[in-house]
Amino acid sequence: MSHPFPHLLAPLDLGFTKLANRVLMGSMHTGLEEMPDGPAKMAAFYRARAEGGVGLIVTGGISPNRAGCLVKGAARLDDEKHLDRHRPVTEAVHAGGGKIALQILHAGRYSAHPDAVAPSPIRAPISPITPRELAHEEILATIEDYARCAELAKLAGYDGVEVMGSEGYLINQFVAPRTNHREDQWGGSAKNRARFPVEIVKAIRDKVGADFIIIFRLSMLDLVDEGSDWPEIVALAKQVQQAGASIINTGIGWHEARIPTIATMVPGGAFAWVTAKLKPEVSIPLVATNRINDPAQAEAILAAGGADMVSMARPFLADAELVKKAAEDRAGEINTCIACNQACLDHVFAGQMASCLVNPYACRETEMVARPAAAAKSVAVVGAGPAGLACAATLAERGHKVTLFDQHETIGGQFNLAKKIPGKEVFGETLRYFASRLAKAGVTLKLGALASAKDLAGFDQVILATGISPRTPEIPGIDHPKVARYIEIIEGKVTAGANVAIIGAGGIGFDVAEFLTHAHDGDYAGGWGIDPSYRHRGGLTMPLPPRSPRAVTLLQRKNSKVGGGLGLTTGWAKRALLIQRGVRMLAGVDYEKIDDQGLHIRMGEERQILPVDTIVICAGQEPRRDLLAVLEAAGRTVTLIGGADVATELDAKRAILQGTEVALAL
Ligand SMILES: Cc1cc2nc3c(=O)[nH]c(=O)nc-3n(C[C@H](O)[C@H](O)[C@H](O)COP(=O)(O)O)c2cc1C
Ligand code: SF4
């Protein structure tokens, strides 16, 4: 039988060097770059991906000078003294059989320090800092800094560099009329605005010679007003090719764009069309990017001829061996990135180290190591939600004899609800992954019946991962027939009416609002105002969100902004989506009673009745520890993990990490 991914696994000849396959690991700043022991950690992190078969790795963004650092003290490569932090990384990747390029990223006006510079002194809407305008001589010096950085990268052993020209950073700021109001040779006409990146690529090629990979990450879709138009993007691509670039990678959306481009709600491969649109215009290899998270989808993009390579960034946090598994026809074993951003981008934006919700080993390769157990024990894990799954699989892989109990017929716990939320279907992939791990490791499954203390009697060790119970708030009338639990709504046991109030605006409240307002005829691009025909600059058009089938009000007791506690990098998009659909959001609400008229609330002195048909309760949860007392009374030592341990919010990131750590320690 022929291989399922022939295009993906085909080598790519760049003339002076050959890549093993068509997979590029996209650039991710992980926070390891700045840590004192970062080089060793990065070496282990990247080596695992090289051994996992990635064709070409790109590092996280590194600044070519002090001004270009995103924050004060961020990693830069502008002096030979920095080389020692890079050599362990390049050596490890080469030892793992891979190739690696350093990404050069100058943040321009996105720099969060007072020395930020830009082509024009225009503050970004997402930054409090107005940048200083670069003088002509400083522009020449900055170009020289890029070239010097590339030269140092070569000395450090990198196989190439990627010039970061997208996402609204300095190069993008020169290219787009939105941010470049100069009247000298670096501004005004499209040719002048493109001069900065073109001169950078030329200067780098001059410094590094012909046999060094230069990737240019080109913003093909700015998604902001006064961004580039399509003819300008084509012209820049051609000039960059002419100037000596070896590969053009795709960049989508500036950071200040108000359109989600990488969140779970973005359909897989949603931007492959823009790379395909550029394909006939250039002859060097093109890379498609964003939300490509499985080999079948990548194969389809390559087979259609719209790109020569695919970039996957977060999918390599989720699974270092993605390519190897695809090549060995074990795609069913891939730990798929669910695009939640919870442990990667949210961490980086909060100044913490990135990792991965579904793969807590990511960036912790030196400290989290699964070694064979010193003595095999028989272990009962009760509860097959994320914590129990991670714990059971890890224990069994280490050689313990594991039985996993769950009262439901299927594994997955709350993930079975999450995967029913429109746009979150990919959560089902995590369950497919864990099912394959459990089977491979030989975990015994006892599903479909509540475990009793008697069932657990013969085990050396019991781990309770019994999850949570939804909390019922004390509101007069809470037993009224209008009231439904969120589980009943998501499982389809109760159908909500046309007018709905949701009590509780945490992650679950938002998910339920999404579930209830989702229109089945909606398309992502049209809904957010993305125009593939590019009639206007930035690729923007009037958003045409589909109409919600229901009127929904989302309420919370707290006075803070509704949705303020959601993920740093995705919360705004979830809010924007619901606002588009007309969802009312009320904070500082006291719930007075529920009766036939609806939900009676008070906000400060003002009382009102929401005349709703259905009231959905999403008011938090409590740990579920049914078996704990009886096991402890019998003198058993019990370990609690996941929601059964702490149930403040549903937190799969904490659950999977804790389940894994407990299993590694036994
Ligand atoms: C934690 C994190 C850090 C990132 N850092 C960079 C970066 O330094 N430079 C860059 O060009 N893109 C960066 N990106 C964006 C990725 O390269 C990529 O465009 C994005 O994650 C979408 O692709 P994916 O769906 O394959 O993850 C980062 C993404 C993440 C999740
Ligand atoms: S944390 Fe979420 S988005 Fe980030 S890599 Fe892991 S699964 Fe993907």
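Details of the structure are given in the entry above.
Report on the accompanying structure. Only a predicted model underlies this, so the values are computations on that prediction, with no experimental measurement involved.

## Quick look at the sheet that holds strand E15 (residues 444-447)
Sheet architecture is open: 5 strands sit in the order E15-E14-E13-E16-E27, paired in parallel fashion. Lying at the two open borders of the sheet, with one neighbouring strand each, are E15 and strand E27 (638-640). Along the sheet, successive strands turn relative to each other by an average axial angle of 20 degrees, direction set aside.

## So, the pairing of strand E24 (residues 606-610)
Relative to E24, strand E23 (residues 598-603) is paired through 5 bridges, and the arrangement is antiparallel. Within E24, the position partnered with His-600 by the bridge is Ile-609.

## Notes on the sheet that holds E24
On the basis of which strands lie adjacent, the open sheet formed by 3 strands has the order E22-E23-E24 and antiparallel pairing. Among the strands making up the open sheet, the edge pair consists of strand E22 (590-595) and E24. Along the sheet, successive strands turn relative to each other by an average axial angle of 20 degrees, direction set aside.

## Topic: the site of ligand 2
For ligand 2, the full set of nearby residues is Arg-314, Leu-317, Cys-337, Ile-338, Ala-339, Cys-340, Asn-341, Ala-343, Cys-344, Cys-356, Leu-357 and Val-358. Of the residues assigned to the shell around ligand 2, the class counts are 10 nonpolar, 1 polar and 1 charged.

## Considering the site of ligand 1
With respect to spatial proximity, 19 residues lie near ligand 1, and among them Ser-27, Gln-103, Arg-217, Arg-291 and Arg-314 are the closest. Here a nitrogen atom of ligand 1 and a backbone polar atom of His-29 are 3.0 Å apart. Residue Arg-217 places a side-chain N or O atom 2.8 Å away from an oxygen atom belonging to ligand 1. Here ligand 1 has 610 Å² of accessible area as a free molecule, and 93% of this is covered by the chains.

## Topic: the packing of aromatic side chains
Tallied over the entire structure, the rule returns 9 aromatic pairs. Ring plane angle 40 degrees and centroid distance 5.2 Å describe the contact between Trp-230 and Tyr-534, whose orientation is recorded as tilted. Taken together, the residues Trp-230 in helix H6 (residues 230-243) and Tyr-534 in the loop between helix H17 (524-528) and strand E20 (551-555) connect sequence positions 304 residues apart. Side by side, Trp-230 and Tyr-534 carry an identical accessibility label, which is buried. Measuring from centroid to centroid gives 5.0 Å for Phe-415 and Phe-427, while their planes differ by 55 degrees, and the two rings are tilted. Of the two residues, Phe-415 sits in helix H13 (residues 415-418) while Phe-427 sits in helix H14 (residues 427-441), which places them 12 residues apart along the sequence. Overall, Phe-415 belongs to the buried group, its relative accessible area being 5%. Joined through ring pairs, the aromatic side chains of Tyr-146, Phe-174 and Phe-196 make up one cluster. One Lys or Arg, Arg-258, reaches over the ring of Trp-572 and ends 4.1 Å from the middle of that ring.

Reading the values: rules and limits
Note on numbering: residues in each chain are counted from 1, in written sequence order. For this description, chains carry letters from A and ligands carry numbers from 1, given in the order in which they are written. Residue-level local features of this predicted model are given only where pLDDT is at least 70; pairs of side-chain atoms are given and counted only at 80 or more, and the full residue set underlies all totals for whole chains, interfaces and linings. Where side-chain values are given, they derive from all heavy atoms of the structure, hydrogens and water being excluded. Note on pairing: DSSP must find at least two bridges between two strands before they are called paired. Only DSSP runs of H or I reaching four residues or more are called helices, and only runs of E reaching two or more are called strands; each is numbered from the N terminus. Comment: axis = line fitted to C-alpha atoms, over the contacting stretch for helices; angle = value between 0 and 180 degrees taken between N-to-C directions. By convention in these notes, a residue is near a molecule or strand provided one of its non-hydrogen atoms lies within 4 Å of it. Residue classes follow a fixed rule: Ala, Val, Leu, Ile, Met, Phe, Trp, Tyr, Cys and Pro count as nonpolar, while Asp, Glu, Lys and Arg count as charged, and any other residue, Gly among them, counts as polar. By the criterion applied in these results, polar contacts are pairs of N or O atoms within 3.5 Å in which, for protein atoms, one can donate a hydrogen and the other can accept it, and in which residues neighboring in sequence qualify only through two side-chain atoms. Here, Shrake-Rupley sampling with a 1.4 Å probe gives the accessible areas, and only protein chains in the shown set may cover a residue. In summary, the pairing rule links any two rings of Phe, Tyr or Trp, Trp by its six-membered ring, whose centres are within 6.5 Å, and it sorts them by plane angle into stacked for under 30 degrees, edge-to-face for over 60 and tilted for everything else. Per-residue accessibility, obtained with a 1.4 Å probe over protein chains only, is compared with the maximum for each type, and a residue is labelled buried under 20%, exposed over 50%, and partly exposed between these values. The criterion for a charge sitting over a ring is simple: Lys NZ or Arg CZ within 6 Å of the ring centre, and within 35 degrees of the ring normal.

Function cannot be inferred from these measures alone, as they are strictly geometric.
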